[in-house]
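Coordinate analysis (summary)
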Amino acid sequence: MDGISLTEPEEDFQAEETQSYGRVGVTFGDVGTASLKFNISASVDKGEYVQISHPEIGWVLGQIDKVERKSDLSIEKARKLNRGEDVEIDETVEGKINVIGYRDDNGLLRVPGNPFSAGEPVYTAQEKLIREVLGLKESKEGAYIGKLRGHDIKVNMNINTIAQKHLSVLAKTGSGKSYTTGVIIEEMLKNDVTMVILDPHGEYTSLAKPGNPKSSDRFDVRARGYGNKITEFSPNPEINKGARPLKFTFRNMEAKEILQMCDLNKRQSYISSLESARSKLSVKQGPFDITDVIKFLKGNEENESTTLIKALERLKKKKIFAEKGSRMDEIVKKGRTSIINLKGTPPDMQGFIVDKLATSVFELRKRGKIPPLIMFAEEAHNFCPQTGKVECSDIFRTIASEGRKFGLGLGIITQRPAKVDKNVLSQCNTQIILKVTNPNDLKALEKSVEGMTKGMKEEIKRLPVGEAILSGAGLSEPLLVQVRPRETKDGGESIKVI
Ligand SMILES: Nc1ncnc2c1ncn2[C@@H]1O[C@H](COP(=O)(O)OP(=O)(O)OP(=O)(O)O)[C@@H](O)[C@H]1O
Ligand SMILES: [Mg+2]
């Protein structure tokens, strides 16, 4: 060890305190500025934060990216062991540290410009340094998502950044997307953010009711319901009791839109009959509805089209038209959240409804007629698929690329990142990633998450339920977080068959 300085700089982070956190190893070999190898002397885990002293800067934060046990156990020695013979094994545990950096005098995150020293001790990082370097401070605009894994440090994401840069919540089925999205929405509700939630399974209505987080829990969460800030709408109020009916005004819709809602082949061929029926009716009787159009088509021999009439009769039975359709200024109200509960609505109809709603939201927001808002879309692969086109494909692309300018944020939730339109996903610069194992989905993630290391990709495959990687929204680094318990009732609890 001669010639190697082990003196620690006298910084804010006192040596005495550092010692109590424990020395876990010593750097060795070729020592760089962005990554370091170290010989491990204590039990440490991959992902753990460490601090190393830099000769010019002082304490710098790093994160263990790799831990490996190296041995001289050759195949010959292994054979001897198999035969029950005694064999001496010489082994060491080595690791790799990714340097995260330090805060300079202006509070900016920086990485050293010249190398660390070899032989420098590596310590478990102090929480104060972790907080400072990762910028984990509590703020009014912060959404409390959970705690940094293995630490008692709250992780907040900036609500304004989430809204401006769009959000995606990505994970395989059953790994906690809806639960975690519920946590984010609770934080937004607390801050009176205006929201519209497109909810195909009716999982989010439970946000109105208090849940039962354990009072002893280290997350410091109390049960709370947000019924006073939420309105539920549904095209199917018969199934979704308590929801206000979501209705459209038939006469305000174009022939093309009406045909989109009909289960018909070759819709194009019926446009002119329907168009002409609508214009003749409006001249003859003024306001008209779907019943009037059916009657008109039946009574008009020239135009008679049994297929079209039958399709319109089926559409009428879906009861989504009313004399006065739902008003957009009732659906999007400042400081309130509307849940569009689509449970029981057939997929093609869902696509149409979402298209109509999202288009109106975008247009009205552009003209400043409704307040700035965030629109969440569960099962987004159905609304903006990568292959094939659905009614609302175009509007999702438009909102993803232009929404930010007009104060319209997007939250995309999906179990198949690879199946979501890349043009939409690539615009979501705030990401919450839970467990993903499908190789295509992992590839899609790799392309869209900035700063994702190889180690992190491995981590994503193994994340337990309740742990997530957060990236963007004011965080300087992607972080591994234990998601906090819900304040409200969890609407997506797995159903037991026994
Ligand atoms: N942070 C958490 N703490 C406690 N339980 C959780 C947490 N996250 C998820 N769960 C539980 O795990 C189960 C699956 O969660 P969730 O319904 O959110 O998954 P999902 O990814 O939305 O699934 P799907 O793709 O089927 O919609 C639920 O029973 C939920 O209660
Ligand atoms: Mg879900």
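Each value, and the rule that gives it
- Residues numbered from 1 in each chain as written.
- Chains lettered and ligands numbered in written order.
- Predicted model: local features only at pLDDT ≥ 70, side-chain atom pairs only at ≥ 80, totals over all residues.
- Heavy atoms only, no water.
- Helix = DSSP H or I, 4+ residues; strand = E, 2+ residues; numbered from the N terminus.
- Buried < 20%, exposed > 50% of the residue type's maximum accessible area, 1.4 Å probe, protein only.
- Axes fitted to C-alpha atoms, helices over the stretch in contact; angles between N-to-C directions.
- Parallel < 35°, antiparallel > 145°, perpendicular 65-115°, else oblique.
- Contact = heavy atoms within 4.5 Å.
- Nonpolar A, V, L, I, M, F, W, Y, C, P; charged D, E, K, R; others polar.
- Phe/Tyr/Trp six-rings, centres within 6.5 Å; stacked < 30°, edge-to-face > 60°.
- Salt bridge = Lys/Arg side-chain N within 4 Å of Asp/Glu carboxyl O.

This brings us to unusual backbone geometry. Positive phi, normally seen in glycine, also occurs at D192, with a value near 55 degrees. Take D192: it is sitting in the loop between helix 5 (177–190) and strand 11 (195–199). Since its relative accessible area comes to 44%, D192 is described here as partly exposed. Residue E379 is not a glycine yet carries a positive backbone phi of 55 degrees. Within the secondary structure, E379 sits in the loop between strand 15 (373–377) and helix 12 (393–402).

Here helix 7 (residues 271–285) crosses helix 8 (residues 290–299) at 110 degrees, and the two axes come no closer than 10 Å. Regarding the angle of helix 7 to helix 8, the classification is roughly perpendicular. For the pair helix 7 and helix 8, the contacting residues are S273, L274, A277, K280, L281 and Q285 in the first and D292, V293, F296 and L297 in the second. Partitioning the contact of helix 7 with helix 8 into residue classes produces 6 nonpolar, 2 polar and 2 charged.

With that settled, consider the packing of aromatic side chains. This model, assessed by the stated rule, comprises 6 aromatic pairs. Seen from their ring centres, W59 and Y123 are 5.7 Å apart, and the 80 degrees between their planes marks the pair as edge-to-face. Of the two residues, W59 sits in strand 4 (residues 58–71) while Y123 sits in strand 7 (residues 121–124), which places them 64 residues apart along the sequence. Owing to a relative accessible area of 5%, W59 belongs among the buried residues under this scheme. By way of ring pairs, the aromatic residues F250, F288 and F321 are connected into one cluster.

Tallied over the entire structure, the rule returns 28 salt bridges. A salt bridge links K356 to E257, with the nearest nitrogen and oxygen atoms 3.1 Å apart. Of this pair, K356 sits in helix 11 (residues 347–366) while E257 sits in helix 6 (residues 255–261); the two residues are 99 residues apart in sequence, bridging distant segments of the chain. Among the charged side chains, a salt-bridge network with shared partners connects E186, E187, K190, R484, R486 and E487.

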